[in-house]
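Observations on the model geometry
So the chains spell out like this:
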Amino acid sequence: MPRTPAGPELDRLISLLAKLPGLGPRSAKRAALHLLKKRDGLMAPLAVALKEAAEKVTACSICGNWDSSDPCQICADEDRETGVICVVQEVADLWALERSGAHKGKYHVLGGVISPLDGVGADDLNIASLAQRASAGGVSEIVLALSATVDGQTTAHYLVERLEGLTVDITRLSHGVPVGGELDYLDEGTLAAAMKSRHKA
Amino acid sequence: MTFRIRRITLTDFRSYAGLDLALDGRPVVLTGPNGAGKTNLLEALSMVSAGRGMRGAKMDELARQGAPDDPASGGWSVSAVLEDHYGEETRLGTGISAHSDKRITRIDGAPASGPTALLDYLRFVWLTPAQDRLFMEGASERRRFLDRMTMSHDPSHGRAAATYEKAMRQRTKLLENWPRVDETLLGVLETQMAEAGVAMAAARLDMARRLAAGARLIDEAVFPAAGVALDGRLEEQLQSQKAGEVEEAFEAKLRAMRPRDADAGRALVGPHRTDLLVTHKAKGQAARLCSTGEQKALLIGLVLANARSLQQEASDITAGAPLVLLLDEIAAHLDPDRRAALFDILEETGLQVFMTGTDPDLFAAWGTRAQSFTVRGGTVTEAG
């Protein structure tokens, strides 16, 4: 890409912005110009916010969630059930579950899924710390809330193997009919999975 | 039930700047010199469905290359008007617009979620000259031929194949560091391979049975009966053992093969190596050893058998959309008796058929039973 006809400072800003998810070189330029135009209202506060976040937000040493306190607010919350740990791939998934309000227990963020092709092995994820938490006592159930992709399911099966022998129940989210979904629009695979995981009405 | 494509409209598709072709429902015969655009027209039709059509084309290579005095838009579109047995019409359209490779699909003018939505309206079964060497080539081409047919009956076959493939590649990558590997993870991947692999093998076996049943509906005197067998350990074991047992045995086999697979850098056993074995039943001869003409006859027999079995299922309301046959250069390598008989069989199926050939005489036996067109330099004119 041809460099921007501007100083190196602006050029560097654009090349960094272009690395953000959802932004490319073109939208990065637009964002940079927008920031300059809103120098006081947006750019300066953003710079401060970035600096503060970079200094203060760390991964929770217990569950891997991002927070400015360690342990994170969820791990420190005494009103939450300590006996149920919900395992998610990324913090975004934790946020999604929190939005639903469906899980009242604690979390464990793996930081990805196992994929040797992408150079991600079990040791690259927060799996050892999960095994440690699960065997430390006081934990009765581990809920695997992983994506229904091939890699997500490989990871789920792997965790079942690794946690075998512990006295905790290992459960996983159901696969099937989405809420508000019409049955005749579902593909065969989803329908079969839904049928398989049916339960007493 | 009869469904017919009544109209085909092409814009900037391959050799066609524009084409608007009205059809009366009889079998369509397209004749013309090489390079006239006969196959392009069949390919255009095959795009009105999920997938990349009968040539497996990339979306951006389908647009017509314009000339300086006749610029092309860079996009292309194909639309077909489908008429059902009550005379109700549905217009199906697909294409890409200029400077975008995002495929657009429309049903009766309204945007559809994607090309897969077209599968509810139309399905194509095709035979192309590229398949003429099917029995001479390596196993992978025949396996793909088998898997494509299997998927037309059982869409979940594609998912099982994709899961198997993914787990196998992950395992192969992991084995690069053999023996210093995470054995638990290897075991998990092998379990996935075993589950998906046995599902694949079962679906293929089911397909082979359908082919055999479909073949019984075709006159053996004309198209030699094909013996269809699957050369694969899982497929073989499934004939006498329970799926669960086969799965366990395959998983154990994969475990035992770890060192050798690590050396080879790939999985040496599994359903990714299965071959489709076709024999000329009456002669008891492998298809590969038959003459060119006999191979073509065997291949047509298989494609017709598949169409027949799909059609039988389609008479059931739960099954798929109407079938259309696209037979490219169909008359080549066939003697006059077989050609005449082929036409009878095709007519008997009641399916809409599109055929191409270089020489109108090859289709003389059809007479007025077919609607014939001459294709020349991007234009299509109705003959006689």
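Residues numbered from 1 in each chain as written. Chains lettered and ligands numbered in written order. Predicted model: local features only at pLDDT ≥ 70, side-chain atom pairs only at ≥ 80, totals over all residues. Heavy atoms only, no water.

Here is the rule we go by: UniProt positions are given in the numbering used here, feature names are shortened, and annotations may be inferred rather than shown by experiment.
Per an unreviewed UniProt entry, chain B goes by the name DNA replication and repair protein RecF and belongs to Aquisalinus luteolus. Reading the Sequence similarities (unreviewed entry) entry of the UniProt record for chain B gives the comment "Belongs to the RecF family." The record in UniProt for chain B states the following under Function (unreviewed entry): "The RecF protein is involved in DNA metabolism; it is required for DNA replication and normal SOS inducibility. RecF binds preferentially to single-stranded, linear DNA. It also seems to bind ATP."

If you check an unreviewed UniProt entry, chain A appears there as Recombination protein RecR from Aquisalinus luteolus. Checking UniProt for chain A, the heading Sequence similarities (unreviewed entry) contains the comment "Belongs to the RecR family." The record held by UniProt for chain A lists under Function (unreviewed entry) the comment "May play a role in DNA repair. It seems to be involved in an RecBC-independent recombinational process of DNA repair. It may act with RecF and RecO."

1. Some remarks on the pattern of salt bridges
Residues and elements named next belong to chain B. What counts is decided by this rule: Whenever Lys or Arg places a side-chain nitrogen within 4 Å of a carboxyl oxygen from Asp or Glu, that contact is recorded as a salt bridge. Working definition: helices are DSSP H or I runs of at least four residues, strands are E runs of at least two. Numbering for both runs from the N terminus. Only protein chains enter the accessibility calculation, which uses a 1.4 Å probe; a residue whose area is less than 20% of its type maximum is buried, one above 50% is exposed, and one in between is partly exposed.
For the structure shown, the criterion picks out 25 salt bridges over all chains. Ionic pairing is found between D20 and R7, a salt bridge with its closest N-O pair at 2.7 Å. Of this pair, D20 sits in strand β2 (residues 16-22) while R7 is found in strand β1 (residues 4-13), placing the two residues 13 residues apart along the sequence. We classify D20 as partly exposed; its relative accessible area is 45%. Notably, a salt bridge pairs R258 with E190, separated by 2.8 Å at the nearest N-O pair. In this pair, R258 is assigned in helix α7 (residues 258-264) and E190 in helix α4 (residues 183-215), connecting sequence segments 68 residues apart. Of the residues examined, R258 reaches a relative accessible area of 2% and is grouped as buried. Judged by relative accessible area, which is 1%, E190 ranks as buried. Taken together, the shared-partner salt bridges in this structure form one network comprising R171, E183, E190, R258 and D261.

2. Some details on the packing of α4 of chain B against helix α6 (residues 243-256) of chain B
Residues and elements named next belong to chain B. Operational definition: Angles shown run from 0 to 180 degrees and are taken between the N-to-C directions of axes, each axis being a line fitted to C-alpha atoms and, for helices, limited to the stretch in contact. Working rule for angles: under 35 degrees goes down as roughly parallel, over 145 as roughly antiparallel, 65 to 115 as roughly perpendicular, anything else as oblique. Working rule for handedness: look at the near helix, and if it is turned counterclockwise from the far one by less than a right angle, call the crossing left-handed; if clockwise, right-handed. Every residue pair with non-hydrogen atoms within 4.5 Å of one another is taken to be in contact. For this classification, the nonpolar set comprises Ala, Val, Leu, Ile, Met, Phe, Trp, Tyr, Cys and Pro, the charged set comprises Asp, Glu, Lys and Arg, and every other residue, Gly included, is treated as polar.
At a minimum axis distance of 9 Å, the contact between α4 and α6 shows a crossing angle of 140°. By the angle between their directions, the pair α4 and α6 is classed as oblique. Our pair here, α4 against α6, has a crossing hand that is right-handed. Side by side, α4 and α6 meet where G187, E190, T191, M193, A194, E195 and V198 of the first sit next to A243, V246, E247, F250, E251, L254 and R255 of the second. When its residues are assigned to classes, the contact of α4 with α6 shows seven nonpolar, two polar and five charged.

3. Side note on the UniProt feature "binding site: ATP" (unreviewed entry) in chain B
Residue and element names in this part refer to chain B. Sequence positions flagged by UniProt for "binding site: ATP" (unreviewed entry) are, in local numbering, G32, P33, N34, G35, A36, G37, K38 and T39. Mapped onto the fold, A36 is located in the loop between β3 (28-31) and α1 (38-46). Owing to a relative accessible area of 4%, A36 belongs among the buried residues under this scheme. In contact with A36, not counting residues within four places along its chain, are Y16, V375, R376, G377 and G378. Considering the arrangement of structural elements, one finds G37 in the loop between β3 and α1. Note on G37: relative accessible area 6%, which makes it buried.

4. Regarding the packing of aromatic side chains
All names here are of chain B. Operational definition: Working definition: rings of Phe, Tyr and Trp (its six-membered ring) pair if their centres are within 6.5 Å, and the pair is stacked with planes under 30 degrees apart, edge-to-face with planes over 60 apart, and tilted otherwise. Look at NZ for Lys and CZ for Arg. If either is within 6 Å of the ring centre and within 35 degrees of the ring normal, a charge sits over the ring.
With the rule as written, the count across this model stands at three aromatic pairs over all chains. On the basis of an interplanar angle of 55° and a centroid distance of 4.8 Å, the ring pair of F343 and W366 is categorised as tilted. You can see F343 sitting in helix α9 (residues 336-349) and its partner W366 sitting in the loop between β13 (352-357) and β14 (371-376), a full 23 residues away along the chain. What makes W366 buried here is its relative accessible area of 2%. Clustering of aromatic rings is evident, with ring pairs tying together F343, F363 and W366. Sitting over the ring of W366, R369 keeps its end group 5.2 Å from the ring centre.

5. What about the UniProt feature "domain: Toprim" (unreviewed entry) in chain A?
The UniProt entry lists residues 83-178 of chain A under the feature "domain: Toprim" (unreviewed entry), expressed in the numbering used here. Within residues 83-178 of chain A, the helical portion is 32% and the strand portion 18%, while the C-alpha atoms at the span's ends are 28 Å from each other.

6. Some points on a nonpolar patch on the surface
How we decide: Think of a patch as exposed residues, more than 30% relative accessible area, with no salt bridge, where like charges cluster within 9 Å and nonpolar side chains (Val, Leu, Ile, Met, Phe, Trp, Tyr) cluster within 5 Å. Per-residue accessibility takes into account occlusion by the displayed protein chains alone, with areas from the Shrake-Rupley method and a 1.4 Å probe.
A cluster of nonpolar side chains, namely V177, L183 and L191 of chain A, defines an oily patch on the protein surface of about 240 Å² accessible area. On the basis of relative accessible area, V177 of chain A is assigned to the partly exposed category, the value being 43%.

7. What about helix α6 (residues 128-135) of chain A?
All names here are of chain A. What counts is decided by this rule: Note that the arc is defined by the directions from the helix axis to the C-beta atoms.
By the burial criterion, the buried members of α6 are L130, A131, R133 and A134. Looking straight down α6, one finds that the buried residues subtend no more than 165° of arc, so they occupy a single side. Exposed residues on α6 whose side chains face more than 90 degrees from its buried face are A128 and Q132. Those residues of α6 that are buried lie in contact with β3 (84-88), β4 (106-109), β5 (141-144) and α7 (150-162). Positive phi appears at G137, one or two residues downstream of α6, with a value of about 90°.

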